[in-house]
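Here is how the chains run, residue by residue.
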Amino acid sequence: MSRTRVLVLNSGSSSVKYQLLDMRGSDRLAMGLVERIGEETSRLRHTPTGGLSREWSGSVPDHDAALKAVAAELAKDGLGLDSPELAAIGHRVVHGGKHFTEPTVVDDAVLAEIERLIPVAPLHNPANLTGIRTAQALRPDLPQVAVFDTAFHTTMPESAARYAIDVETADAHRVRRYGFHGTSHAYVSRETARLLGRAPEDVNVIVLHLGNGASASAVRGGRCVDTSMGLTPLEGLVMGTRSGDMDPAVIFHLMRVGGMSADEIDTLLNKRSGLIGLCGDNDMREIRRRVDAGDERARLAFDIYIHRLKKYIGAYYAVLGRVDAVAFTAGVGENAAPVREAAVAGLEGLGLVVDAGLNAVRADRARLISPADARVAVAVVPTDEEMEIATQTYALVEKER
Ligand code: ADP
């Protein structure tokens, strides 16, 4: 029997998202989510492709129980994790530091390195590690592959990756710009080249990943040369709940004058800033509804969001020198036509124009929204991080087989 299936796991501190894919035809067989792991009532939602979703509430005390519950649901569809068709398990790992530039088969040394990176990713890497260890216990015979959010950005030159602070201090604490959402930026930049009918090596793309978290990247010939997130996902664009760029002295000011602690400011900037801090909502649908109803605070939040986005388009235009395409992706980028229109408005001088009719079309496929004769293509390219993790995982285990 051919081993062509890959299980993709995205383990958070209290959740596990999963997809089972068959790489023969890049088919999604099933997907689902376990939420509120460790809380009184946990929830599982499982959707087999072509079938009805099943929901289940009950006690899921830890990740081990979560993965067993996932395995039980998959088994009901004849897709059990004991199947000889399963080739590997691919894990999303948020922080791979400087060290991990590619997807990597997990062994003890890899686990130790992911653990060593916990101080720079205290929320994510511990959960990712738990997910890997749990999957190892379930199928010790299978390769477990770590696919890092930071890997695509390791091609950034030092001029983009270093903060302009004392070099010894920075290096002692591994302070540098790592970037995140790399799996999405890699997938979307490649799909954009495909949409243009060109090889990724020949195309320069600005990718705007606008979800609840948001980041921009400048991709030259398939390689990332700059990205907006930094040591942590806090830097860069205005996000759903994160501030993005800010004078770092705001932090000292809030400590010295506002009497706030480091933890309080951390929570303020990561959870109570961005769109939610500015207007009380972080869902772009609701913000647009309020803007259309004449709400001033929602308008200001929208304008600040767009202003920052435009600054990054301009900055990455300058970094790349020549731009072939600007690609919008993730929840906001794929769905919010007013965001795309406003972000590009006034940039005709850079060759950037959006066709109002094309921009208004709703679709799930990659598409151009710029006029046919535009100098720079503007595209909407749905991201698929799970497919990218599965593709990278499968390519690696095939190579090593
Ligand atoms: P995450 O960063 O959580 O993976 P997603 O990429 O799923 O986020 O994006 C979620 C966000 O996408 C929501 O918070 C919402 O602002 C936005 N969004 C989703 N659907 C729409 C829509 N139809 N119109 C405008 N914004 C949308």
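Residues numbered from 1 in each chain as written. Predicted model: local features only at pLDDT ≥ 70, side-chain atom pairs only at ≥ 80, totals over all residues. Heavy atoms only, no water.

Further remarks concern the pattern of salt bridges. In total, this model carries 32 salt bridges according to the counting rule given. When the shortest N-O distance is used, the salt bridge between Glu85 and Arg5 registers 3.4 Å. One end of the pair, Glu85, is in the loop between helix 1 (63–76) and strand 6 (86–93); the other, Arg5, is in strand 1 (residues 5–11), and 80 residues separate them in sequence. The class for Glu85 is buried, based on a relative accessible area of 15%. (Salt bridge = Lys/Arg side-chain N within 4 Å of Asp/Glu carboxyl O. Helix = DSSP H or I, 4+ residues; strand = E, 2+ residues; numbered from the N terminus. Buried < 20%, exposed > 50% of the residue type's maximum accessible area, 1.4 Å probe, protein only.)

Space inside the second largest pocket adds up to approximately 450 Å³. Forming the walls of the second largest pocket are 22 residues, and the residues nearest its centre are Phe152, Ala186, Arg190, Gly222 and Gln392. Secondary-structure elements contributing two or more residues to the lining of the second largest pocket are strand 8 (144–148), helix 6 (182–196), strand 11 (223–227) and helix 15 (385–400). Among the elements that line the lining of the second largest pocket, the one with the most residues is helix 6, at five residues. (1 Å grid on protein atoms, 1.4 Å probe; cavity = no way out; pocket = protein on both sides within 12 Å on 5 of 7 lines; lining within 4 Å. Points joined across faces, edges and corners; volume = space filled by probe spheres on them.)

The backbone of Arg36 shows a phi angle near 55°, a positive value even though the residue is not glycine. Assignment of secondary structure puts Arg36 in the loop between strand 3 (27–35) and strand 4 (42–48). Arg36 sits in the partly exposed class, given a relative accessible area of 38%. One non-glycine residue with positive phi stands out, namely Ala330, at about 75°.

A packed helix pair is summarised by two numbers, namely the angle formed by the two axes and the spacing between the axes. Put simply, helix 1 and helix 3 (residues 125–138) touch, their axes get as near as 9 Å, and they point 55° apart. As far as their axial angle goes, helix 3 and helix 1 are oblique. Once helix 1 is placed against helix 3, the crossing between them reads as right-handed. Contact residues: helix 1 offers His63, Asp64, Leu67 and Lys68, while helix 3 offers Thr130, Thr134, Ala135 and Leu138. (Axes fitted to C-alpha atoms, helices over the stretch in contact; angles between N-to-C directions. Parallel < 35°, antiparallel > 145°, perpendicular 65-115°, else oblique. Left-handed = near helix turned anticlockwise from the far one by under 90°. Contact = heavy atoms within 4.5 Å.)

On to the sheet that holds strand 6, then. Pairing in this open sheet of eight strands is mixed, and the strands run 5-4-3-2-1-6-8-7 from one edge to the other. Each end of this open sheet is capped by a strand with a single partner; those strands are strand 5 (54–58) and strand 7 (104–105). (Pairing = 2+ DSSP bridges.)

Spatially, the six strands line up as an open sheet ordered 11-10-9-12-14-13, and their pairing is mixed. Every other strand in the sheet has two partners, leaving strand 11 and strand 13 (367–368) as the edge strands with one partner each. As defined by bridge partners, strand 9 (residues 204–210) adjoins strand 10 (residues 214–220) across seven bridges and the pair is classed as antiparallel. Residue Val207 lies in a different strand from strand 10, and its bridge partner there is Ser217. Sitting on the sheet, helix 6 is in contact with strand 9, strand 10, strand 11, strand 12 (325–329), strand 13 and strand 14 (377–380), with an inclination near 130° to strand 9.

Let's shift gears to the site of the ligand. The local shell around the ligand holds 13 residues, among which Asn212, Met284, Arg285, Gly331 and Asn335 are the closest. At a separation of 3.4 Å, a nitrogen atom of the ligand approaches a polar side-chain atom of Arg285. In this structure, an oxygen atom belonging to the ligand sits 2.9 Å away from a main-chain N or O atom of Gly331. Within the residue set of the shell around the ligand, elements represented by two or more residues are helix 10 (284–292) and helix 12 (330–335). Classifying every residue of the shell around the ligand by side-chain character gives four nonpolar, six polar and three charged. (Near = heavy atom within 4 Å. Polar contact = N/O pair within 3.5 Å; in protein donor to acceptor, adjacent residues only side chain to side chain. Nonpolar A, V, L, I, M, F, W, Y, C, P; charged D, E, K, R; others polar.)

Residues given the UniProt feature "site: Transition state stabilizer" (unreviewed entry) here are His181 and Arg242. Turning to its location among the elements, His181 is positioned in the loop between helix 5 (167–172) and helix 6. Its relative accessible area of 11% is what places His181 among the buried residues. Contacts of His181, omitting those with residues within four sequence positions, involve Asp149, His153, His209, Gly213, Ala214, Ser215 and Met229. Here Arg242 lies in the loop between strand 11 and helix 7 (249–256). Aside from chain neighbours lying at most four places away, what touches Arg242 is Gly213, Met229, Pro233, Leu234, Leu237, Leu269, Asn270, Ser273 and Gly274. (UniProt positions renumbered as here; feature names shortened; annotations may be inferred.)

For helix 2 (residues 108–116), the complete set of buried residues consists of Val110, Leu111, Glu113 and Ile114. The arc that holds every buried residue of helix 2, seen down its axis, measures 160°, which confines them to one face. Opposite the packed face of helix 2, turned more than 90 degrees from it, sit the exposed residues Asp108 and Ala109. Looking at the buried residues of helix 2, the elements they touch are strand 6, strand 7, helix 3 and strand 8. You can read the cap of helix 2 off the contacts: a side-chain oxygen lies 3.1 Å from the backbone nitrogen of Ala109, and it is on Asp107. (Arc of directions from axis to C-beta.)

Bridging between strand 4 and strand 5 involves five bridges; their strand directions are antiparallel. The residue of strand 5 that forms the bridge with His46 is Arg54. Adjacent in sequence and paired antiparallel, strand 4 and strand 5 are bridged by five residues, among which Gly50 carries a positive phi angle near 85°.

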